[in-house]
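Commentary on secondary and tertiary structure
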Amino acid sequence: QVQLVESGGGLVQAGGSLRLSCAASGRTFGSYAMGWFRQFLGKEREFVAAISWSGGTPYADSVKGRFTISRDNAKSTVYLQMNSLKPEDTAVYYCAAGPKYYSGSLYYTRAYDNWGKGTQVTVSS
């Protein structure tokens, strides 16, 4: 089992930036895919970005060119750099970890077996 703790959320004006962090413990971090999802009020959790154990980085179309996912295996941490934020990015952001050497699609919540508790991101207009 892995424990995931997100940080870095907050309130920012439209056009601003935030960097989310997700610290993992309890596993050999580098062997696992990591993902970021977000959940709007009253909606299903949706895919934002992921980084596979081999370094692949799929993104949701809505964030391509604005968000960047990265990982530091030495620190067991995954990051989500969010630039040019829009009010419609307001959501709770969740970090997730997948099984070891997972090779399937990273777009779906079912690909992940551990989740953080989430961090609120609010973008004001």
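Please refer to the structure higher up on the page.
Here's what I pulled together on the structure shown here. This is a predicted model, so every value here is computed, not measured.

The next thing to look at is the pairing of strand E8 (residues 91-100). Of all 10 residues making up E8, seven are buried, and the element is well covered by its neighbours. Sheet topology places strand E4 (residues 32-39) next to E8; seven bridges connect them, and they run antiparallel. By the bridge assignment for E8, phenylalanine 37 is matched with tyrosine 94. Of the pairings in the sheet, the one linking E8 to strand E10 (residues 119-124) comprises three bridges and is antiparallel in character. Following the sheet pairing, tyrosine 93 is matched in E10 by threonine 119. Examined bridge by bridge, E8 and strand E9 (residues 114-115) share two bridges and lie antiparallel to one another. Paired with alanine 97 across the strands is asparagine 114, a residue of E9.

What follows is about the state of the cysteines. Scanning the entire structure with this criterion turns up one disulfide. Each sulfur in the disulfide pair cysteine 22 and cysteine 95 lies 2.0 Å from the other. One quick way to see it: the torsion about the S-S bond of cysteine 22 and cysteine 95 is about -80°, and its sign makes the bridge left-handed. Pair noted here: cysteine 22 is in strand E3 (residues 18-25) and cysteine 95 is in strand E8, with a separation of 73 residues, a long-range link. Cysteine 95 matches cysteine 22 in its accessibility class, with the two residues each being buried.

The rules behind each value
Residues numbered from 1 in each chain as written. Predicted model: local features only at pLDDT ≥ 70, side-chain atom pairs only at ≥ 80, totals over all residues. Heavy atoms only, no water. Buried < 20%, exposed > 50% of the residue type's maximum accessible area, 1.4 Å probe, protein only. Helix = DSSP H or I, 4+ residues; strand = E, 2+ residues; numbered from the N terminus. Pairing = 2+ DSSP bridges. Disulfide = S-S within 2.5 Å.

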